[in-house]
Every structure is written in structure tokens, then in C-alpha cells.
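Spelled out, the chains give:
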Amino acid sequence: MLLSVNSNNAETAKRAKTLLAHNASKDIEGRKMLEKKETVEMLRGGPEGVKRWNVWRNANHSVKVDLSGAKLSEANLSGVDFRGADLSGADLTEAILTRAILAGADLSGADLTGAILAGADLWGADLTEAILTEAILTEAILTEAILAGAKFYFNIGLKLADWMRACEQTAKTITFAD
């Protein structure tokens, strides 16, 4: 059997193959590095958005996540995996972060006023200058968290043992209610 290939068809096939490979690599890049706006929109999608985020995060656990300054107030982020993420200066007022994984996250200067952090893992998180007024911290893990200049007023669920473990690593002042 003789196979004849028209040079125009061969060139078209080659261009199509190159285009497909290029688009596939863009798709991989898109999954490895999400835009901040795209990420915030996904996370604001409630439990389904958090589930999608966590699947992406598990597949891309080594990617440095930059959500600094993100506006996530009142978002339901229960169970979200923000391990090691940069959330510095983020607006998380009244966000639901129940059982969230925030271990090693940078929350410096973040506003967590009224946030629900019950059962959240904040092991080694940087909460320098963070605002946690009226935040609910029942059973939150604060071991080795950096609390320098963090503001805690009228908090629910804080236990002395959690504070002692967190404060062992913090040499600066923590502001408490008078």
C-alpha cells in the first residue's frame, strides 16, 4: 500500500500538533499557577469551591500561593488548605475557617475580625499584627504561631495552654482586652 501525503496537509497537521501541544502546556501552567482573582472567585464558591481548591492544592502542594490582600470576608472556607500560603493583609472578616489548615501561613496584618477559626490548624502561622477581634478560636491549634502585635479582643474558645505554647515562640507583645 502506497501512502501519499500532500505537503500542505503535512504542514497543516504539523501546525495543528504544535498548537495542541502549546495549548496543553498553557493548561498545565494554568493549573500550576492560578491567578489571584480566579482563586478568590473559586474560594467564594462555598463548599464546592473549597473542594475544588483543595483538589488543586493537593496536586500542587509545592506551589507558593500568593493571596496577599485577598478580599475573602464572609466567605465559607471550612476545611480549606491554606498551608504555607501568603495571606498577609488579607480581609478575612467574618470568614468561616472551621477546621482550616493554616499551618505555616503568613497571616501578618490580616483582618480576621469575627472569623470562625474553630478547630483550625494555625501551627507555626505568622499572625504578626493580625486583628482577631471577636474571632472564635475554640480548639484552634496555635502551637509555635507568631503572635507579635496580634490583637485579640473578646475572643471565644481561647485556652491558656494554647496561648502558652504559642507564646513560647513569640518574644513581642500580644494585645489583650483590658
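Anything mentioned here points back to the structure above.
What you are looking at is a predicted structure, and each value in this text was computed from that prediction instead of being measured.

S.K.: Account for unusual backbone geometry, with residues named and values stated.
M.R.: We note that Glu134 has phi near 60°; this positive angle belongs to a residue other than glycine. Inspection of the secondary structure assignment puts Glu134 in the loop between α3 (46–59) and β1 (151–152). On the basis of relative accessible area, Glu134 is assigned to the partly exposed category, the value being 47%.

S.K.: Give me the lowdown on the environment of Gly119, citing residues and values where you can.
M.R.: Summarising the element assignment, Gly119 is placed in the loop between α3 and β1. For Gly119, a relative accessible area of 31% gives the class partly exposed. Among residues more than four places away in sequence, those in contact with Gly119 are Arg99, Thr138, Glu139 and Ala140.

S.K.: Could you give an account of the packing of helix α2 (residues 36–43) against α3, naming the residues involved and the relevant values?
M.R.: Running from amino to carboxyl end, α2 crosses α3 at an angle of 130°, the nearest separation of the two axes being 7 Å. Classified by the interaxial angle, the pair formed by α2 and α3 is oblique. Contact residues: α2 offers Thr39, Met42 and Leu43, while α3 offers Gly46, Gly49, Val50, Arg52 and Trp53. Grouping the amino acids of the contact of α2 with α3 by side-chain chemistry returns four nonpolar, three polar and one charged.

Rules behind the numbers
Residues numbered from 1 in each chain as written. Predicted model: local features only at pLDDT ≥ 70, side-chain atom pairs only at ≥ 80, totals over all residues. Heavy atoms only, no water. Helix = DSSP H or I, 4+ residues; strand = E, 2+ residues; numbered from the N terminus. Buried < 20%, exposed > 50% of the residue type's maximum accessible area, 1.4 Å probe, protein only. Contact = heavy atoms within 4.5 Å. Axes fitted to C-alpha atoms, helices over the stretch in contact; angles between N-to-C directions. Parallel < 35°, antiparallel > 145°, perpendicular 65-115°, else oblique. Nonpolar A, V, L, I, M, F, W, Y, C, P; charged D, E, K, R; others polar.

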